[in-house]
Amino acid sequence: MCGIVGYIGTREKKSLLLHGLKELEYRGYDSAGLAVLEQEELHVFRATGKLKNLEHACKDFVSEGFGVAIGHTRWATHGKPTEINAHPHTATFSSVIHNGIIENYQEIKQNLMDKNVVFCSQTDTEVIVHLFEENLKETSHTLEAFKKTIHSLKGAYAILLITQEAPKGIYYAKQGSPLVIGQGPDGIYFSSSDAPLIGYATHVCYLEDGAIGFMDNDSFSSLSDIKTLNSNRLYAQKEGFRYFMEKEIYEQHKVLLETMMGRMDEEEVYFEEINDDFFTDIQRITICACGTSYHAALSASYLFERIAKIKCNVAIASEWRYKEPIVEHDELFIVVSQSGETADTLEALKNIKTQGLKTLAICNVDNSSIVREADTTLLTRAGIEKGVASTKAFATQMMVLWMLALYIGQKKETISKEESKKERAIMLRAIEAAKVLPQTHEKIRRLSKRYLHGHGFFFIGRDIFYPLALEGALKLKEISYLHAEGYPSGDMKHGPIALADSNLFTIALMPRNLLYDKVKSNVEELAARDATICAISSLELEVADDIIILKEHSSYMEEFFEMMVVLQLFALEVSIRLGNDVDMPRNLAKSVTVE
Ligand code: M6R
């Protein structure tokens, strides 16, 4: 995810910004840049790749005396990770950096191009600085021009803008993306998280959505809710959570909004990345992936067939390669991968390309090997995921795949306008359902102490809740090292039920909106064999030993996203009680680049 830093004061600005950006490296990025405005001159430097490339690009520059400065690490969302697309973006006398997504940038860009404004990059961000300078033609009041600019933007943003027209300070705006302003003895600091401010600022203000203004050396005290800065760096990176995995579970509803942004409006789901005729000849889909990404793929196969009415086959990448699979010329091959570097998935993709199929990657890391190999990519925009146990990557993969199912349904007219509208409304509610409720987390934390022994866990569900059960079992085994398996609940009677006794823990996924009674019968069969039952549902269940109560949703996909969070928290809390290393479980690597 992109990182922002800014500074107003007399310290040497280049090294200060580079230091701040280094503190944000853990969030992941593919290019970086900085701009310094001092003695009325604007100096801008940008580079692709690691920060050492940026350091090299500005090695001969030293800033002296009072000035203002902004720096940025970019995680590509609109446009490739090139130097031209790196921030800051500069017009004639102003530079801007931005985190988030401007949904209506194309409309703004077109209006500006009609006025002969020339654009250099493919980014959404560049419109901000041009629009600001254009607005300044109509008013001499820079703050007014800035506010007018911000009010034209739709989407999510944290923005810093510097301009030769107001060289004593920095314009800022925040909506949906984090932005912190700090004050220390040597000046004013900005950042997208408080880690870079440690050691510099003593007091901070975490801006609220809608914040917009101009900050100079004298304005900090006018901010409301100023706090003393906690000086523990790792704590700051984890944003107060105990583990990165926990932080990533909690931020899912925010990243899901980013996943969706600029891809949906009142009328439809759309993907700028996909050509209009991409699906014209496609009659079937194969999705190939590993681990959690495979579970997202398997879940999506229900949606592809149900919403888009397109045949969908799902394959584990390590099995696909040597199977000598028969493929059809009208088949689309989709690969799903968080890292974009998983060897099994990459090789399956390369292999299929030799057979001439169209390919589409759903990936979190732009410019990764899988993205470079695929014909087209939909980025999931989860931001860097540090916990080895994947959480927000799964959530965002699910959202992209669900949107894709709807997109294909629209293209193939297998879904009516009315149904499509309903589905989009459910998507927005599903994001809300992915928000962690403190009372649910506390309930799971308390309940987890009863699930630390036993000879194993069955996670059971039906339909799309079966792959979610697989994912719940995988989460638990990865970080607790307890034996857990996912099963379709209807399949228990064909063998697994032989293991049932009081020391078998069954985690039953029981959505009220999908096959509730069927799952209930399967759970009763297990309870009759004395299995210990923990139900996850919004409905009470007499035979359950424990129940984690969900909200009363009106669709099964909202229940899916809430249950996903419950399963992740359950694994987290069991693992913490067992004293395991949640973020770096034994024997596992975040990116599996070997076969
Ligand atoms: O980067 P990928 O999505 O391709 O990785 C695939 C699996 O290795 C990954 O999902 C793995 O199963 C995770 N540790 C699950 O939490």
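Every value quoted in this text rests on a predicted model; they were computed, and no experiment measured them.

**Student:** Just checking my understanding: could you explain the packing of helix α14 (residues 417-433) against helix α18 (residues 556-577) for this structure?
**Tutor:** Helix packing for two helices is described by the angle between their axes and how far apart those axes are. The N-to-C vectors of α14 and α18 enclose an angle of 25°; their axes lie 8 Å apart at closest approach. With respect to α18, the element α14 is oriented roughly parallel. The two elements α14 and α18 meet at a crossing, and its hand is right-handed. Across the interface between the two elements, Ile426, Arg429, Ala430 and Ala433 from α14 touch Met557, Glu558, Phe561 and Glu562 from α18. Here the residues of the contact of α14 with α18 are counted per class, giving five nonpolar, no polar and three charged.

**Student:** Help me understand the sheet that holds strand β3 (residues 41-48) in this model?
**Tutor:** Consider a sheet: its strands pair through backbone hydrogen bonds, and that pairing is either parallel or antiparallel. Reading across from one edge, β3-β2-β4-β1-β10-β9-β11-β13 is the order of the eight strands in this open sheet, with antiparallel pairing throughout. A single partner strand is all that each edge strand has here, and the edge strands are β3 and β13 (227-228). Sheet strands in contact with helix α1 (residues 13-23) are β1 (3-9), β2 (31-38), β4 (67-74) and β10 (187-191), and its direction is about 30° off that of β4.

**Student:** So what exactly am I meant to see when it comes to the environment of Ser318 here?
**Tutor:** With respect to the element layout, Ser318 can be found in helix α10 (residues 317-320). Sequence spacing of Ser318 and Thr345 is 27 residues, and the spatial spacing of their C-alpha atoms is 7.2 Å.

**Student:** I tried to follow the site of the ligand on my own but got confused; where do I start?
**Tutor:** The local shell around the ligand holds 14 residues, among which Ser293, Ser337, Gln338, Thr342 and Glu478 are the closest. In this structure, Ser337 approaches the ligand through a side-chain N or O atom, which is 2.6 Å from an oxygen atom. Backbone polar atom of Val388 to a nitrogen atom of the ligand: 3.2 Å apart, as the coordinates give it. Contact with the protein chains hides 90% of the accessible area of the ligand, taken as 410 Å² for the molecule alone. Going through the elements one at a time, α9 (291-308) and α16 (465-480) are the ones with two or more residues in the shell around the ligand.

**Student:** Before we go on, may I ask you to explain the sheet that holds strand β7 (residues 155-163) in this structure?
**Tutor:** The sheet built from five strands is open, its strands ordered β5-β6-β7-β8-β12 with antiparallel pairing. For this open sheet the edge positions go to β5 (89-90) and β12 (212-215), each flanked by a neighbour on one side alone. Direction of pairing for β7 relative to strand β8 (residues 170-175): antiparallel, over a ladder of four bridges. Residue pairing in the sheet places Leu161 in a bridge with Tyr171 of β8. Together, β5, β6 (94-102) and β7 form the strand contacts of helix α4 (residues 126-135), whose direction differs from that of β6 by roughly 130°.

**Student:** What exactly am I supposed to notice about α16 here?
**Tutor:** Given 3.6 residues to a turn, an α-helix orients residues that are three or four positions apart in the same direction. Here α16 contains 16 residues, and its C-alpha end-to-end distance of 22 Å stays within 8% of the 22 Å for a straight helix at 1.5 Å per residue. Within α16, 14 of the 16 residues are buried, which leaves it mostly tucked inside the rest of the structure. At the C-terminal side of α16, Tyr481 shows a positive phi close to 65°.

**Student:** When you look at the pairing of strand β16 (residues 331-337) in this model, what are you seeing that I'm missing?
**Tutor:** Within a regular beta strand, the side chains point alternately toward one face of the sheet and then the other, so they alternate between its two faces. Counting buried positions along β16 yields seven of seven residues, so the element is predominantly enclosed. Of the two faces of β16, the one lined by Glu331, Phe333, Val335 and Ser337 and the one lined by Leu332, Ile334 and Val336 are each fully buried. Sheet topology note: the strand β14 (residues 284-289)/β16 ladder contains six bridges and is parallel. When the bridges of β16 are listed, Thr286 appears paired with Phe333.

**Student:** What is the right way to read helix α5 (residues 142-151) from this model?
**Tutor:** Buried residues of α5: Thr142, Ala145, Phe146, Thr149 and Ile150, and no others. Seen end-on, α5 carries its buried residues on one side only, within an arc spanning 135°. The inward-facing, buried residues of α5 abut α4, β7, β8 and β12.

**Student:** Please clarify how the side chain of Thr259 should be interpreted in this entry.
**Tutor:** Following the sequence through the fold, Thr259 ends up in helix α8 (residues 252-260). With relative accessibility at 0%, the residue Thr259 sits in the buried group. Among all residues touching Thr259, those that are not within four sequence positions of it are Thr380, Arg381, Thr396, Met399 and Val400.

Calculation rules
- Residues numbered from 1 in each chain as written.
- Predicted model: local features only at pLDDT ≥ 70, side-chain atom pairs only at ≥ 80, totals over all residues.
- Heavy atoms only, no water.
- Axes fitted to C-alpha atoms, helices over the stretch in contact; angles between N-to-C directions.
- Helix = DSSP H or I, 4+ residues; strand = E, 2+ residues; numbered from the N terminus.
- Parallel < 35°, antiparallel > 145°, perpendicular 65-115°, else oblique.
- Left-handed = near helix turned anticlockwise from the far one by under 90°.
- Contact = heavy atoms within 4.5 Å.
- Nonpolar A, V, L, I, M, F, W, Y, C, P; charged D, E, K, R; others polar.
- Pairing = 2+ DSSP bridges.
- Near = heavy atom within 4 Å.
- Polar contact = N/O pair within 3.5 Å; in protein donor to acceptor, adjacent residues only side chain to side chain.
- Areas by Shrake-Rupley, 256 points an atom, 1.4 Å probe, with all protein chains shown as cover.
- Expected span 1.5 Å × (residues − 1).
- Buried < 20%, exposed > 50% of the residue type's maximum accessible area, 1.4 Å probe, protein only.
- Arc of directions from axis to C-beta.

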